[in-house]
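What the coordinates show
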Amino acid sequence: MVNIMTCLKNRIGIALCMLCFISCNLFEDGITKWYKVSEETKLWLADSSGFCFRMADQNGITREYLNEQNTHDFSEGESFFGGVKYRISQRENYYQSFSSTFNDVFSFSLSPGYDDGYWGERISLSINSLSFTYDFLLDRLVTVETNFNYLSHKITSSGVENDSLIHSTIDFYDEIEFNGTTYPHVFHFILSDFQQNWTEYTVTEVYYVRKLGLLEYRFKNGLSFTRQ
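In this report, the structure presented in the accompanying data block is examined. Just so it is clear, the structure is predicted and the values come from calculations on it, not from any experiment.

Definitions and limits used
Residues numbered from 1 in each chain as written. Predicted model: local features only at pLDDT ≥ 70, side-chain atom pairs only at ≥ 80, totals over all residues. Heavy atoms only, no water. Phe/Tyr/Trp six-rings, centres within 6.5 Å; stacked < 30°, edge-to-face > 60°. Helix = DSSP H or I, 4+ residues; strand = E, 2+ residues; numbered from the N terminus. Buried < 20%, exposed > 50% of the residue type's maximum accessible area, 1.4 Å probe, protein only. Lys NZ or Arg CZ within 6 Å of the ring centre and 35° of its normal. 1 Å grid on protein atoms, 1.4 Å probe; cavity = no way out; pocket = protein on both sides within 12 Å on 5 of 7 lines; lining within 4 Å. Points joined across faces, edges and corners; volume = space filled by probe spheres on them. Nonpolar A, V, L, I, M, F, W, Y, C, P; charged D, E, K, R; others polar.

**Observations regarding the packing of aromatic side chains**
- Within the structure shown, the criterion is met by 23 aromatic pairs.
- Here the aromatic rings of Phe108 and Tyr208 are separated by 4.4 Å at their centres, their planes lie at 15 degrees, and the arrangement is stacked. With Phe108 in strand β5 (residues 105-111) and Tyr208 in strand β14 (residues 203-209), this pair connects stretches of sequence that are 100 residues apart. Pair check on accessibility: Phe108 and Tyr208 agree, each one buried.
- Taking 6.3 Å as the distance between ring centres and 80 degrees as the angle between the ring planes, the aromatic pair formed by Phe132 and Phe187 counts as edge-to-face. Taken as a pair, Phe132 in strand β7 (residues 130-135) and Phe187 in strand β13 (residues 181-190) lie far apart in primary sequence, 55 residues in all.
- Owing to a relative accessible area of 0%, Phe187 belongs among the buried residues under this scheme.
- The ring of Trp119 has Arg122 sitting right over it, with the charged end atom 3.6 Å from the ring centre.
- Arg227 extends its terminal NZ or CZ atom over the ring of Phe53, reaching a point 4.1 Å from the ring centre.

**Remarks on empty space enclosed by the protein**
- Inspection of every chain in the model, using the stated rule, returns two cavities of 30 Å³ or more.
- Together, Ala46, Phe53, Gln96, Phe98, Phe106, Phe108, Tyr208, Leu212, Gly213, Leu214 and Arg227 line the second largest cavity.
- Those elements that provide at least two residues to the lining of the second largest cavity are β4 (84-100), β5 and β15 (213-219).
- Here the residues of the lining of the second largest cavity are counted per class, giving eight nonpolar, two polar and one charged.

**Structural notes on unusual backbone geometry**
- Notably, His185 is not glycine yet its phi reads approximately 60 degrees, a positive angle.
- Positionally, His185 belongs in strand β13.
- Even without a glycine there, the phi angle at Phe194 is positive, about 60 degrees.
- Secondary-structure assignment places Phe194 in the loop between β13 and β14.

The following block contains the structure:
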């Protein structure tokens, strides 16, 4: 009889634990908000089947870029009121990074927007000391950084607070021709901020092609590297 009672208690305990686990999961799912990158924006990722590419300058010097990281994950956020968790957010992230045989470092990432009407999907590009982020909803650059200088728009429910903070530009083209080849869906970034702090090797221009990746980048000294 004692063994039967012990067995029943164990089974009841296990059942309660499972019920609690399921309930917690249902509760968590019920308060979780998922933010995902749209299929259209995901097209800006470089084809992951090509894990290396080459860039050459005007003198024929070639730099080979090798893929070091190609990740897709979710970052979690939590909101509490009165010590009780009432909302969880899961934000989708895509990240690709490459390094060259000349120690250049290049990365590209995507992040989703919120449903607040003033934070859209974003692309971020970084090459050597230059980094910038573009917001598709706001249709503008929201951050620019190079040589330890940094600018970032303050964005509230009223919109962008200082419209003239960033002078750098980014333009999107349906297609563009490079060395006799026509590339569809290209953006062109031009750095116009922090000019007093530029060095000879500050990257001042970047061309990037949807699905392909980095097309060309130029230094202040006039040296440029183009996709081969």
